[in-house]
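Below, each chain spelled out in residue letters.
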Amino acid sequence: MRAFVGICLLAAGALVPGVATAQDTEALRKELEQMRKQFETMKDGYEKAINQLSDRLKTIEARPPAPAATPAAATPGTPTTVPAVASRDQMLSQAQPGVTINPAELARPREPFSLYERRGAGQLLFDMGIAGDFIGNLTQRNVQKNAGGTFSGLENRFFPREVEVSLFGQIDPYARAEVRFEAGEEERGGEVSVHLAEAFLELMTLPFSTQARIGQMRNRFGLTNVLHEHDLAFIDRPNALREFFGDEGLVEKGLEATWVAPLPIFLEVLGGVFNGDNETAFGRGSLQNPLVTGRVRTFFELGDFGAIQLGASIANGQTRERLNNQIIGFDAKYKYRPEGWQHALFTVAGEYLHGIRQVLVTDPDAESPVEQKRTRERSGWYAYGEVQPFRVGPLSRWSAGFRYDWTQYPVNPGKEWAVQPYLSFMPSEFLRFRLAYKHTERSECCSYLGFTDNGGSARKVDEILFQATFILGAHPAHPF
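Okay, so let's go over this structure. (Residues numbered from 1 in each chain as written. Predicted model: local features only at pLDDT ≥ 70, side-chain atom pairs only at ≥ 80, totals over all residues. Heavy atoms only, no water.)

**Considering the pattern of salt bridges**
In total, this model carries 18 salt bridges according to the counting rule given. The salt bridge partner of R180 is E164, with a shortest N-O separation of 3.6 Å. With R180 in strand β3 (residues 175–184) and E164 in strand β2 (residues 158–172), this residue pair connects regions lying 16 residues apart in the sequence. Comparing R180 with E164 shows no difference in burial state: the two are buried. Taking the shortest distance from any N to any O, the salt bridge between D236 and K438 comes out at 2.8 Å. Note that D236 is positioned in the loop between β5 (210–218) and α5 (239–245) and K438 in strand β15 (residues 431–443), a separation of 202 residues in sequence. (Salt bridge = Lys/Arg side-chain N within 4 Å of Asp/Glu carboxyl O. Helix = DSSP H or I, 4+ residues; strand = E, 2+ residues; numbered from the N terminus. Buried < 20%, exposed > 50% of the residue type's maximum accessible area, 1.4 Å probe, protein only.)

**Notes on the packing of aromatic side chains**
As enumerated under the stated definition, the model contains 9 aromatic pairs in all. Their ring planes at 70° and their centres at 5.2 Å tell us that F221 and F245 sit as a pair that is edge-to-face. In this pair, F221 sits in the loop between β5 and α5 while F245 sits in helix α5, placing the two residues 24 residues apart along the sequence. Between Y404 and W417, the aromatic rings sit 6.4 Å apart at their centres with planes inclined by 20°, giving stacked as the arrangement. In this pair, Y404 is assigned in strand β13 (residues 398–408) and W417 in strand β14 (residues 415–428), connecting sequence segments 13 residues apart. On the accessibility criterion, Y404 (25% relative accessible area) is partly exposed. Taking relative accessible area as the criterion, W417 reaches 28% and is therefore assigned partly exposed. Following the ring pairs from residue to residue traces out a cluster consisting of F134, F158 and F470. When the ring centre of F234 is taken as origin, the NZ or CZ atom of R403, which lies over that ring, is 4.7 Å away. (Phe/Tyr/Trp six-rings, centres within 6.5 Å; stacked < 30°, edge-to-face > 60°. Lys NZ or Arg CZ within 6 Å of the ring centre and 35° of its normal.)

**Considerations on the pairing of strand β7 (residues 266–274)**
The pairing of strand β6 (residues 251–260) with β7 spans 7 bridges and is classified as antiparallel. Bridge pairing in β7 links A257 to G271. Remark: 5 residues form the turn of the hairpin made by β6 and β7, two consecutive strands paired antiparallel. (Pairing = 2+ DSSP bridges.)

**Things to note about the pairing of β5**
Every regular strand shows the same layout, with side chains that alternate between the two sheet faces. As defined by bridge partners, strand β4 (residues 193–206) adjoins β5 across 6 bridges and the pair is classed as antiparallel. Paired with L203 across the strands is A212, a residue of β5. Linking two consecutive strands that pair antiparallel, namely β4 and β5, is a turn of 3 residues; a positive phi of about 60° is found at F208 within it. As paired strands, β5 and β6 are joined by 9 bridges and run antiparallel to one another. Note on β6: the bridge partner recorded for M217 is E252.

Structure, rendered in structure tokens:
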């Protein structure tokens, strides 16, 4: 019996290590299989990344090399020079006291800041975009009868104000071009007309860090004249600009050049020579007596407190009566955008215009009325502020603003003022809706504005304005 018990104990002792060894083997096998699967997953990821990098490398190698700039030959005894491909920032950094810059090198054309790279097969060598701007207007019946609303002749209507097709892009590393066609309803119930809005060539790398535009363009006079209607910060153009330059603003054919001074601060100087076709302000339409424009603009970063832009403009030309007209403008714009925000929390801006215009007048009390030359000095200004107080979430798509207008009439007696609160909703950067209320009051309401002599029924105007704007495709960037 004792011998049997001993044999059983010896057999049990031999089986226990065998069972433990089998369990460990199965666990190791499972762990090895799991590691093998993880390795295969990582291997697939690395192979995909390597293939992507290889495709990008082949694409870059297939592009033609950028034209190499020929360095200026160094001549013993010549002053220190700036390389021919130096950027404006490099020029500023090297133009320190005690360092002489060769004038011949300054006059050499510079390479642009970023060379235009040829696109892939089947792609256009220029950008194309479409912008649509639709307006709704609701006002009093007497205002409609006298065509005295913001959009004269289109009161109490919903209409396409501006449908724009833009073509723009690089011609070569030294020049670019923009062409814009616009269509819109210009008269009540009339057909939508299409016309050329802008078409100009821009030379970007002229000597002495200058650039030039040649063609038909929106003049860079003041703060908002350069902007098309769908890019404005509000629904309609300020009253002062419409009175001094007309509903379309200052759009001219000619040449406009800019120069950025080599200073520690940003200072841009602009000058232009144009036909003077603007019928509201000028109208002579001849380069023998051209419209001459000028502008000075500067920009300051205020660190954590935002940024401010200051500018001054001038336009001098002749009217159709061959009389001189000069318009001077001053503008300022401030933006505050906290760190990490996609948009400005607060924006405030304004513009002041002062016109000095010669006119012909007739004294009705004189025995023999004779036209005499007189000088009219008139002023106008506007200011607006806008706040977009939410950084993220649904409320970040909303903003609210307020604009105040005051202006005299450039030729005839009288003045007007207006207030306009507005609300904007932007589901995305390509879609925007605005709703505004505008109240306008006029003194000396005149028939030349289109109002009949019926007791001044259009002197007080209340309007509800609605705007819907969309953008398809590319869209040129605008300044600060």
